[in-house]
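Residue-level structure breakdown
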Amino acid sequence: MAKVKLLQGNQACLEGAISAGADFFAGYPITPSSEVAEQAATKFPKLGRKFMQMEDEIASMAAIIGASAVGHKAFTATSGPGFSLMQELLGYAANAELPLVVVNVMRGGPSTGLPTLPAQGDVQQVRWGTHGDHSIIVLSPYSVTEVYYQTIRAFNLAEQYRTPVILLMDEVIGHLRERFDVPEGYQPEIINRKAPESKENYLPFRNTEDGVPPFIALGQGEGSRYHITGLTHGESGFYSSNPQVVDQFIRRLSSKIEDHVDEIAEVEECYTEDAEILLVAYGCSARASRAAVEKLRAQGQKVGLLRLLTLWPFPDKLVAKHCAGKKAVIMPELNLGQMVREVQRVCPSDVPVKSFTKIDGSLFTPEEIINFMKKGGCL
Amino acid sequence: MKAVYEKYFRSNLPHIWCAGCGHGTVMAAYALALEKLGYDKNDVLAISGIGCSSRITGYLDSSTMHTAHGRALPVASGAKMCEPRLKVFVFMGDGDCTAIGGNHFIHACRRNIDITAIVMNNNIYGMTGGQYSPLTPYGKKATTAPYGNIDHSFDLVELAKGAGATYVARGDVSHMKQLSDLIVEGAQHKGFSVIEAMTPCPTSFGRYNKTPDPAQMLQIFRDVTVSVKRAEKMTAEELEGKILTGVFVNREAPEYVEDYQKLIDSFQGGDK
Ligand code: SF4
């Protein structure tokens, strides 16, 4: 039996974190993500888990890094201005290969921007915001129920790949109150960072076949008296500028994720098999796109939707395959055309890719998307 | 002393510190303190920021973390909150702690979380080549204050006191035993402890301020430092230009992690 209740996206996020086994939250108040912190502050102590309100978003990231280093599943939640402040330590977490989850409930930017209105302007920042080469995993839920599942997945992926994972929500998804469709007593699969076979001669950044070094938490007895640094390091964890070591390390930071794009990246296909026109969308823009596709299908138009549940690593091959042979590919986004760059990059050159952008703080309506397709001569 | 070194230092590393740098003495004082405290090395977590001082974590044989510039304290706070049984020490430089990490510092003081913070104060940014820090005295020279510093410096002890730290002390490397004892006392104190360790940087501070000789810098430390106890018997004139050392604050207050645990216990919750 489905447990039918209404929940806000930000609340569903906390429920997902609880189910995933997160036991530490550190954050700083910011609209439109504060409900995640409020929920954690209320529920965590009752569950024997811990909440800390920090002095800023830099400290929030720092605190969850500390928590992760001693073996805990930790997360924070923020929005644009706070997320910008987190970039420094997001790079640290990537470099030190510490699993953690950052929830970014996007709002309009740049700067203070539109605190309570939706935008999808952070989709490239999540990937490239911190300095230096690395890869990262970014998930984009499009409903309240999906926020719950994606939050669990975010923690699992963080643990599996020893990496920060970003759950990228739209303001409207975070604040949306809708049916929460998770079966009563649902028990998700939980992934924990893998332990080394032996604690003897432990190498915290060992080059393994899958690119992910086994983990011993700091302060956990045998094997745990090792060093973590944000400096480029070899397998032992100590600084190295040896060109071979540096090359291997930096390449591994990317390849441990990019090489597993097929397992990580998820898409949802909606009327794609026989579609002549393909919409590619994510988050709240995928909701309007889906409604547009349903309407057009009812009129006999061969339109489909490829919904990206994972924005990064970008599933190049999968998207290319879906774009191939289409009359046109259309990407509606609440920004000036950010993810469309990726679609253009991988789409066969004979297929036109059109970017439909909106940055006025309002959502796409299905009609707007249909009109855009008509004006562009797609329909 | 040799035994202590062998026990608490990692043996496989050369260190980066210049000849005459005071940081090695701070490290020795810390090792002596650990010996006195009798902590199991496996229970010690040492966390540092960025700078010459912060390289210390690379040389210590415990769980260690070299974090980002200014961020050691909030990293340590998250770790301590999650694993209260760990003995958490934080090493910072003066710029690291009071400039880029200044906000984290005052809030860690205010929160009274059970961490021992050792601030290795050499009044300068050493690693980047001698730029002035918030603890560079007024009028002193630095590569970014070639005509003399017109910024007014913090008094770290007053800053920590004002921000609410429950243990505040100052020592210096010319009095190694005192410094070590202060670290012991700070570690045993329940709550947030700040120990300022005055340490000479002949390379980046001394060179620009007519004291490039390490021995001379140590002598200056000896000359200007006065223990708070001895200062009680001294006149205002005698204290002119002196720097007080010893314990300035040692008071009890609810500790952050314990308070949170009380909250958890009040719900009798626990899937931990
Ligand atoms: S520059 Fe100064 S602080 Fe840095 S190692 Fe040399 S003497 Fe020590």
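Residues numbered from 1 in each chain as written. Chains lettered and ligands numbered in written order. Predicted model: local features only at pLDDT ≥ 70, side-chain atom pairs only at ≥ 80, totals over all residues. Heavy atoms only, no water.

Before going further, it helps to examine the domain arrangement of chain A. Residues and elements named next belong to chain A. Domain boundaries assigned for chain A yield domain 1 (3–182) and domain 2 (270–375). On the domain 2 side, the residues contacting the 29 residues of domain 1 number 23 residues. Of the roughly 2000 Å² buried between domain 1 and domain 2 on both sides combined, carbon and sulfur atoms contribute 53%. Ranking the residues of domain 1 by area buried against domain 2 places Gln120, Gln124 and Tyr142 at the top, with a combined share of 35%. Counting across the domain 1 and domain 2 interface gives 2 salt bridges. The tally of links between domain 1 and domain 2 comes to 18 residue pairs in polar contact (both at pLDDT 80 or more). Residue assignment for the side of domain 1 that touches domain 2 shows that the elements contributing at least two residues are helix H5 (125–128), strand E6 (137–139), helix H6 (144–161), strand E7 (164–170) and helix H7 (171–175). (Domains from an automatic or database assignment. Contact = heavy atoms within 4.5 Å. Buried area = accessible area lost by both parts, 1.4 Å probe. Salt bridge = Lys/Arg side-chain N within 4 Å of Asp/Glu carboxyl O. Polar contact = N/O pair within 3.5 Å; in protein donor to acceptor, adjacent residues only side chain to side chain. Helix = DSSP H or I, 4+ residues; strand = E, 2+ residues; numbered from the N terminus.)

Let us now look at empty space enclosed by the protein. Taken as a whole, this structure holds 3 cavities of 30 Å³ or more when the rule is applied. Lining the largest cavity are B:Tyr8, B:Tyr30, B:Leu34, B:Tyr39, B:Lys41, B:Val44, B:Leu60, B:Asp61 and B:Ser62. The residue inventory of the lining of the largest cavity, partitioned by class, reads 6 nonpolar, 1 polar and 2 charged. In this structure, the second largest cavity occupies an estimated 40 Å³ of space. The wall of the second largest cavity is formed by A:Ala93, A:Ala94, A:Glu97, A:His134, A:Ser135, A:Arg162, A:Thr163, A:Pro164, A:Leu253, A:Lys256 and A:Ile257. Counting only elements with at least two residues in the lining of the second largest cavity, the list comes to helix H4 (80–96) and helix H8 (243–258) of chain A. By residue number, the principal contributor to the lining of the second largest cavity is H8(A), which donates 3 residues. Taken together, the residues that form the lining of the second largest cavity break down as 5 nonpolar, 3 polar and 3 charged. (1 Å grid on protein atoms, 1.4 Å probe; cavity = no way out; pocket = protein on both sides within 12 Å on 5 of 7 lines; lining within 4 Å. Points joined across faces, edges and corners; volume = space filled by probe spheres on them. Nonpolar A, V, L, I, M, F, W, Y, C, P; charged D, E, K, R; others polar.)

Moving on, we come to the pairing of strand E6 (residues 193–198) of chain B. A regular strand places its side chains on the two faces of the sheet in alternate fashion. All names here are of chain B. Judged by how many residues are buried, E6 sits mostly within the fold: 6 of 6 residues are covered. The side-chain alternation of E6 yields two buried faces, one formed by Ser193, Ile195 and Ala197 and the other by Val194, Glu196 and Met198. In the sheet, strand E4 (residues 116–121) pairs with E6 via 6 bridges, with the strands oriented parallel. Residue pairing in the sheet places Val119 in a bridge with Glu196 of E6. Note that strand E5 (residues 167–172) and E6 share 6 bridges and pair parallel. Each bridged residue has a counterpart across the sheet, and for Tyr167 the counterpart in E6 is Ser193. You can see the chain leave E5, run along helix H7 (residues 176–188) and come back into E6, and the turn it takes is right-handed. (Buried < 20%, exposed > 50% of the residue type's maximum accessible area, 1.4 Å probe, protein only. Pairing = 2+ DSSP bridges. Right-handed = clockwise from strand over helix to strand, strands pointing away.)

What follows is about the sheet that holds strand E15 (residues 353–357) of chain A. Residues and elements named next belong to chain A. Read across the open sheet, the 5 strands follow the order E10-E12-E11-E14-E15; overall the sheet is mixed. The outermost strands of the open sheet, each flanked by one partner alone, are strand E10 (267–270) and E15. If you compare each strand with its neighbour and ignore which way they point, the axes differ by 20 degrees on average. One ladder, built from 5 bridges, connects strand E14 (residues 328–333) with E15; its direction is parallel. Across the sheet, the residue bridging to Ile330 is Lys354, located in E15. Contacts between helix H10 (residues 283–298) and the sheet are confined to E10, strand E11 (277–281), strand E12 (303–308) and E14, with E12 contributing the most and set at about 160 degrees to the helix. (Axes fitted to C-alpha atoms, helices over the stretch in contact; angles between N-to-C directions.)

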